[in-house]
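Here's the letter readout for the chains.
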Amino acid sequence: MSWLTEIARPEIRTLRAYEHALWEPGLVRLHANELPWRAHGDTSQAGLNRYPEPHPHALTAALARFYGVEAPMLLACRGSDEAIDLLIRSYCRAGADAVIVCPPTFGMYAVAARVQGATVIEVPLRREAGYDCDFEAVRAQCTGGVKLVFLCSPNNPTGNRFEPGAIVALARTLQGRALVVVDEAYVEFADGPSLIAQLAAQPGLIVLRTLSKAYALAGARCGVLIAHPDVVALLRKVIQPYAVTQLTIEAVFNMLEPEALDEARARCATIRAERARVAAALRERDSVRQVWPSEANFLLVEFDDALSALRRAHDAGVLVRDLHAAPGLTQALRISIGSPEHNDRLLASLA
Ligand SMILES: *Cc1c(COP(=O)(O)O)cnc(C)c1O
């Protein structure tokens with residue numbers, strides 16, 4: 001047994017996965033208590049009266065090809081939110097183990113940890129260093145009970161990316177003790193590559209990717225976890241069978257068509273150009289104190305009076321994200337980059 005399995009919860013290590021109904025498309029299905037007719041309005045390819053494939057092999061193979069990894073390294077999930085939850089439930093014993101998070105960052109890591117009864121250790125990003133990760137402090141905090149370190153890069157809501165070499169070095173240091181989870185929800189908008197290429201050399205590294213942002217499928221709920229096959233095999237015992245719905249499977253296959261991918265790439269380029277335009281326009285505004293550099297599809301913007309900016313945007317029919325609850329961000333808003341028309345509307349509201 002490798003250390004990747006040994007540091008997991010003992011109950012999960014020894015768990016026997018649920019044995020679901022056989023998947024043999026083409027045979028008459030009288031083994032899963034389904035109805036033989038489609039529901040009214042069901043326009044799906046396969047028919048929603050049938051259960052989807054319990055662990056979707058064809059989808060996994062296609063996504064593995066897309067991300068350039070072997071299929072046993074990839075777990076398709078109900079959004080990367082589910083991957084975060086599966087990791088914590090599989091590795092952290094309630095009341096005993098811990099995760100490290102680096103705020104200000106995505107809130108789901110801490111929420112999922114608290115639901116599981118895991119301790120949340122915060123190692124704040126260094127604002128004075130452009131919200132860079134304090135890798136030394138993370139290392140120092142990584143004592144016995146810490147099983148997972150969550151790094152979001154590019155980070156939500158600050159928009160910056162951490163140095164890939166430093167992330168890999170951290171994973172190497174923690175080898176045998178803890179896993180480093182790199183959430184790359186926004187990497188398609190960034191200037192540098194994904195860390196997926198580093199996984200083969202660094203078994204303690206885990207990458208999360210999602211189709212919710214750059215691939216316009218937030219409503220479909222599909223994300224992936226890419227890791228050493230031992231980690232994937234462990235989580236596959238815990239994930240719900242049928243986690244990815246038939247409608248989602250079909251939407252993902254449509255997205256993986258060559259024309260769809262060309263369109264996604266073009267849209268990413270548009271978002272990056274709009275990001276530069278909106279950032280420059282906001283920097284001209286008297287009410288704006290700071291626009292942080294961003295490698296994601298949003299900007300972290302500090303105002304003299306964030307609440308007033310929030311209200312003006314809302315009056316113009318535009319929602320932006322209020323961050324006042326985040327420590328150190330009381331006057332900050334997170335503004336997603338939208339279509340050129342939507343961005344113009346936001347800029348006009350703040351004029
Ligand atoms: C949006 C977001 C996600 C959620 O991804 P889903 O695949 O939609 O669950 C994950 N991580 C970060 C940092 C995000 O901002």
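You'll find the structure just up there.
Residues numbered from 1 in each chain as written. Predicted model: local features only at pLDDT ≥ 70, side-chain atom pairs only at ≥ 80, totals over all residues. Heavy atoms only, no water.

## A few points about the pattern of salt bridges
All told, the structure shown has 21 salt bridges when counted by the stated rule. Note that Glu-11 is salt-bridged to Arg-9, the shortest N-O span being 3.7 Å. According to the relative accessible area criterion, Glu-11 is partly exposed, its value standing at 45%. Note that Glu-184 is salt-bridged to Arg-209, the shortest N-O span being 4.0 Å. Here Glu-184, found in the loop between β5 (179-183) and β6 (205-210), pairs with Arg-209, found in strand β6; they are 25 residues apart in sequence, far enough to count as distant. A single burial state applies to Glu-184 and to Arg-209, both of which are buried. (Salt bridge = Lys/Arg side-chain N within 4 Å of Asp/Glu carboxyl O. Buried < 20%, exposed > 50% of the residue type's maximum accessible area, 1.4 Å probe, protein only. Helix = DSSP H or I, 4+ residues; strand = E, 2+ residues; numbered from the N terminus.)

## Things to note about the environment of Val-120
With respect to the helices and strands, the residue Val-120 is situated in strand β3 (residues 119-122). Expressed as a C-alpha distance, the spacing of Val-120 and Val-99, which sit 21 residues apart in the sequence, is 5.3 Å. In this structure, Val-120 is in contact with Val-99, Val-101, Ala-110, Ala-113 and Arg-114, ignoring residues within four places of it in sequence. (Contact = heavy atoms within 4.5 Å.)

## Remarks on the layout of surface pockets
In this model, the largest pocket occupies a volume close to 640 Å³. The wall of the largest pocket is formed by 33 residues, among which Thr-105, Phe-106, Gly-107, Met-108 and Arg-321 lie closest to the centre. Contributing elements (two or more residues each) for the lining of the largest pocket: α4 (79-91), α5 (108-116) and β10 (321-322). The biggest single contributor to the lining of the largest pocket is α5, with five residues. For the lining of the largest pocket, the per-class residue count stands at 17 nonpolar, seven polar and nine charged. Of the voids in this model, the second largest pocket is the one considered here, and its volume is about 390 Å³. Ser-212, Lys-213, Ala-214, Ala-216 and Asn-297 are, among the 21 residues lining the second largest pocket, the residues nearest its centre. At the level of secondary structure, the elements contributing two or more residues to the lining of the second largest pocket comprise α10 (258-283) and β11 (332-336). It is α10 that contributes the most residues to the lining of the second largest pocket, six residues altogether. (1 Å grid on protein atoms, 1.4 Å probe; cavity = no way out; pocket = protein on both sides within 12 Å on 5 of 7 lines; lining within 4 Å. Points joined across faces, edges and corners; volume = space filled by probe spheres on them. Nonpolar A, V, L, I, M, F, W, Y, C, P; charged D, E, K, R; others polar.)

In short, shape yes, function no, at least from these values alone.
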